[in-house]
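Examination of the molecular architecture
Below are the chains, spelled out letter by letter.
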Amino acid sequence: MTVPSISHPNVAETREALRRADSGIMPWTVAAAGLVALLTLTMTAGWMPLPPVFALLILASYVSTARLEGQTFHRWWVRLGLIVIIIVLNQAQPNNGDFAFGSARARNILAQVYAAEFVIQCWRRSGQPVRSRLIAIVASGLLMLSSANTFDERFIKYLAPLYMLFLGMALYTHRPRLLSRMAVVGRVVFLVLTLGVGATGYLFVDFNRGRITELGNRLLGERFNFEATGMASNPSLGETFGLRGGTQRVLRITGFVGDPHLRGMAFDRYEQGRWYPSFADRRYRPATERELNPSNVARATITEMTIEKMGGDTPLLFAPLQTATLALIEPAEMDWAPESGGPIRTRARPPFDYRVGVSSSETYQGLLANPLKAEERTRYLQLPSRFDPRVTELAKRITKGAGTDAEKVEAVIGYLIGNYSYSLRFRPGRGEPLVNFLTAEPKRPAHCEYFAAASAMLLRCVGVPTRYVTGYFAHEGDGPNITVVRQRDAHAWSEAWIAGVGWVTVEATPGDGRPDADQSPPEWWRRLLERTQDGLQIFAEFLAGLSAEQVAAIVAVILGAGGIYGFRLYRRRKMALALASFAYAPPERRLAELIVRFEAVFARRGQAFPPSLPYREHLDRLADDAGTGKRPATASLLDAARRFVALYEASRFGNRGDEPTIRTLQELVEEMERTKTPDR
Amino acid sequence: MADIRTGNLIDQIGAAMRAARIRREYDDRLPFPAFDSTKDLFQHPAFSPPKKAPRRLYFVYYPSPLSRMLWRLSVVRFTRAGRWFALLTFALFFIGSFSIEIQVYVPFLYAAALWGVAFLGVLLFRPRVTLTARHPDRVRAGETLVCEVSVTQNGHLPGLDLQLLPARLPLRIDAVPPDGVPLGTMRRGETRRARLGLFCPRRGAYPLWGWRVETDFPTGLMTAYRSFPQSSTLFVHPNFTTIRQMEVPIGRRHQPGGVALASKIGESMEYLGNREFREGDNVRDIDWRATARLGGTPIVREWREEYFQRVGVVLDTFVPPDLPVDRKVIRRVLFERAVSLAAAVGDYMARQDYLVDIFAAGPNLYHLTAGRSLAYLEQILDILACVEESETEPLSVVEPQILGNLEQLTSVVCVFLEWDEVRQAFVENLRRGGAGVKVLLLVEEPTTVATRDVTVIDRDLFRSGAEVL
């Protein structure tokens, strides 16, 4: 079988491409994609011995000409050998890290198996080089997928476009082509476009992270979107921090004062890693204005701030523990459950504003800090059934020497902050997650839900009533006197009842794990988008504030202006069409000068051409008049005029405007001008 | 009893192993072109309906517009790299869709962007070209038909990374190279000529649909294409080894029957010489110049009528439907060899100035008289390209036809697949009718047949090229 070739000069390049494809050398773009995927694995999983080896092997395949030849089962032996090596070497690696699916070790092993397959394809001499190349591409893609199976967002956003750049080039090598500069330039342009579209998509998702999560939760049939908005109906101690969200703005506070911990809900009962009661299981009752805005508050010590609820479907109103008064600016129905730590909910839909009066005293016991009753005390001291006694022993050991409740609280906070570090990911393993967290040796990092739950339980073990609280941590300034709370500021902490003081906030999360410490400031473009959104909102509010008459007037003005503009446009268009269809172009400059001189000849004789008559007709009338003797018009003049008109019309309308014709016309005009004007 | 069952089992296992070996050796099943964009998947028998197909399953059997569209989408619209990358994209989507906290969604977004740009490329870069193609109508099995294709770019934008491919090829025909011929970048008005091969391993008459010019610019994932239907029929003639020498037994008749039939240019008389006039000679044959030269007795030109040897070739097409699988496979192989042999005999006869009558039944009765100026070898080979195996006894159809023409036939060459009573009786009937008969018997393993004028051609003899028969 002979391979026909096309009959133009580039055929040599095609043959060269075919020869290179058969030589077993992987195209550099494929290798580069694999190397980027390996780099991603190293960046997200930490140092491992095999990825650098694989990278060196990939590079070495360009230096060495040796290849894996022969039967398929030879390659399978190599595969099996590499898998065994990968498994053995990974046994020594720590099994932790911020991963989404599966254990860290399993993920690393799988990723390295894909990398090994990539290396095998680089070193293989295949009868089907394109197939080998495509297997390598898919292996690199799966390696990238495994590497991106992480919560760590620091590197992927940079490495993913780089990987896709090389992959985009690699995917174009699946068949031989003729080299063309134009095609190469075009491909580069479209690759840049691809990266631009991808980056835009990333920014869009990142910017609308909260909304997307909310939409997903709606599709999954959540009753309220607590998870989306930062508040879980039943917070549970899981592997990841369930409250973490995107950069969507939730609250905008004007004149922020007081504790940055803005409470949403409080929970008192803990069982099997989950806090109760759920949002729906509380006894709500309508909150009257008198209850939320009591008259016995010392107004002088109260500072008011305005909170704008900007987004999210949660019906909760967020306020600090020291809240003395609370009122919606536009009245709407509100419920609350003061016995359950005071969650206040409303049926108003965001955006809406509410005003919160906060006491300047840190220990102020306001709306959300009802005094502890005797029956509530039992509830707030309740430990889970079959609670591990080691935790109680630990609590006692921690608070040894602490006499008062306040000292016990300080001791517990000091213990947790001093001995633990923060991580978004915590693998509780089998058994009770909180017990595992507190008893694990060495001590393992965890997220704020664990610290909040641990502080609550440890304090209960030593007789301090506590409750678990979820809400937001307000810290981000956004202009003078403005504080913005974003979805990512969701947080969990606990509150303890200290005799003689009341409820106080217990923040036991290490400093580097609080929202004000582990977040980078929003990017400039995000701020710009937010400003645009604010502008649109102000405009929408302006429109919403107009009366019906004002709206009707504006609509009438707009419609009127639009109608006038449309009518003018229509007329202009109609005239343009009429001109385009029927009008002749103006005469050429020299012809225009000649016809002016021609008309002037007869005007001087008192025989001016009327605008209603064609030249010829007027000349015929002049001839008739000459015959009857009414007006003197010489035959030679008329004859010259007729010849002029005939030539002029031919030049004007018949495209005969050549140089000899113009000269003849000039001569005729000059001849007519020389004719003596009769005396009047 | 147990022994008998065991024996049956062993026999069955042995038969199955033998059948498997034969299938491996003679595997000529129709290829299933799962992802070959040059082939027409729906020509595969898997898509033809059984005799009593339920109506609701017609969608499965018949290539409905929807199934054709889906197939085109997956095979023609997506490139090979595109299909692989689609799997990878799906994996990224699957993992990434669990949560946007998992960073898998980031590479997924870039992959989706690549798909978006690929789709844009499909909309923008559809080839705007015209195409003309030339190729012979006939080719011999096992050869590559070379097609000359001329492509001209018409669009305002240049055609980038264009590729020329045959479209909807029959399943037995392969494009060479399989991915088509790259045309590269073509500017407006530019014309390029390309040569593209069609490898035809099996004989047959194949419909060719036309051509396709496609581009996978700019991503290599999806193609924008334009099809050029140019339907034609390609005859792939059976491959055969030329026979150098063959003994054809001559029957008792030596009739001049072919003259009137042989030529359209009038009588074909051969000039022998001059002689003196005899009683009864045609006056028109008098050679007046010779008569004048010699004076006296009129001299006439003497002519001899040209005689033709007219040979019938009977092709056995019988493949019984109830044969065991292994024997059926072998029988089909023998049938293909018989077709090749018949082609070789036809070629030999045509070269020896014989008139050849081809008789074959499968499924229709084919009878063609060729040789001299009546018909050409091409027509014989066209018939042999189309003839198929017959599940019923073909001699029952062929015999009346050949006996009706037997008076004209000098000899008959029978290409048989077996030597049973039916065929022996058939040969005997021919001999009784006065024709010399030569039997060519195709067998797989070497066999001896104790009958005169039967030439046995086994596998080894056939493969070594039976040049002397």
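Rules and cut-offs
- Residues numbered from 1 in each chain as written.
- Chains lettered and ligands numbered in written order.
- Predicted model: local features only at pLDDT ≥ 70, side-chain atom pairs only at ≥ 80, totals over all residues.
- Heavy atoms only, no water.
- Phe/Tyr/Trp six-rings, centres within 6.5 Å; stacked < 30°, edge-to-face > 60°.
- Helix = DSSP H or I, 4+ residues; strand = E, 2+ residues; numbered from the N terminus.
- Buried < 20%, exposed > 50% of the residue type's maximum accessible area, 1.4 Å probe, protein only.
- Pairing = 2+ DSSP bridges.
- Contact = heavy atoms within 4.5 Å.
- Axes fitted to C-alpha atoms, helices over the stretch in contact; angles between N-to-C directions.
- pLDDT = per-residue confidence, 0-100.
- Expected span 1.5 Å × (residues − 1).
- Arc of directions from axis to C-beta.
- Salt bridge = Lys/Arg side-chain N within 4 Å of Asp/Glu carboxyl O.

For the rest of this paragraph, the subject is the packing of aromatic side chains. In this structure the tally under the stated criterion is 33 aromatic pairs over all chains. A centroid spacing of 6.3 Å and a plane angle of 20° characterise the contact between A:Y202 and B:Y105, whose relative ring orientation is stacked. Placement of the pair is A:Y202 in helix 8 (residues 181–207) and B:Y105 in helix 5 (residues 105–124), with the two residues belonging to separate chains. Note on A:Y202: relative accessible area 9%, which makes it buried. Owing to a relative accessible area of 4%, B:Y105 belongs among the buried residues under this scheme. Through a chain of ring-to-ring contacts, three or more aromatic side chains come together here, namely A:F598, A:F602, A:F609, A:Y615, A:F644 and A:Y648.

All names here are of chain A. Spatial strand order, 8-11-6-1-14-13: 6 strands in an open sheet with antiparallel pairing. Where the open sheet ends on each side, the last strands, each with one partner, are strand 8 (323–328) and strand 13 (476–477). Bridge analysis of strand 8 against strand 11 (residues 352–359) gives 5 bridges, and the strand direction is antiparallel. The partner of L328 across the bridge, within strand 11, is Y354. Docked against the sheet, helix 17 (residues 524–544) engages strand 1 (249–254), strand 6 (302–309), strand 13 and strand 14 (482–486), running at close to 75° with respect to strand 1.

All names here are of chain B. The strand order across the open sheet built from 5 strands is 2-9-8-4-6, with neighbouring strands paired in mixed fashion. Each edge of the open sheet carries a strand with a single partner, namely strand 2 (138–140) and strand 6 (181–186). In this sheet, neighbouring strand axes are inclined to one another by 30° on average, regardless of whether the strands run parallel or antiparallel. As judged from the 3 bridges shared by strand 2 and strand 9 (residues 224–237), these two strands associate in the parallel manner. Each residue of the ladder has a partner; that of R140, found in strand 9, is H237.

So, on to the environment of B:L157. Inspection of the secondary structure assignment puts B:L157 in the loop between strand 3 (143–153) and strand 4 (159–167). Expressed as a C-alpha distance, the spacing of B:L157 and B:M186, which sit 29 residues apart in the sequence, is 9.1 Å.

Time to look at the confidence of the model for chain B. Residues and elements named next belong to chain B. For chain B, per-residue confidence averages 82 on the pLDDT scale, and 85% of positions sit at 70 or higher. Here helix 6 (residues 259–262) stands out as the element of chain B with the lowest mean pLDDT, 46, in contrast to helix 5, whose mean of 95 is the highest. The low-confidence segment residues 257–267, where pLDDT is below 50, has 13 contacts with residues more than four positions distant or belonging to other chains. For this predicted complex, the interface score ipTM comes out at 0.74, alongside a pTM of 0.61.

Our focus in this paragraph is helix 19 (residues 589–604) of chain A. All names here are of chain A. Taking 1.5 Å of rise per residue, the 16 residues of helix 19 would be expected to cover 22 Å, and the 23 Å separating its terminal C-alpha atoms lies within 8% of that figure. The set of residues buried in helix 19 consists of L591, L594, I595, F598, V601 and F602. Along the long axis of helix 19, the arc covered by the buried residues comes to 110°, so they all point the same way. In helix 19, the exposed residues that point more than 90 degrees away from the buried face are R589 and V596. A positive backbone phi angle near 75° is found at G606, which sits one or two residues after helix 19.

Oppositely charged side chains can pair when the atoms bearing their charge come close. One pass over the structure, following the stated rule, counts 50 salt bridges over all chains. Note that A:R467 and A:E495 form a salt bridge whose closest N and O atoms lie 2.8 Å from each other. In this pair, A:R467 sits in strand 12 (residues 466–473) while A:E495 sits in strand 15 (residues 490–498), placing the two residues 28 residues apart along the sequence. For the pair A:R467 and A:E495, a shared accessibility class is recorded, and that class is buried. Two residues, B:R275 and B:E302, come together in a salt bridge whose shortest N-O distance is 3.4 Å.

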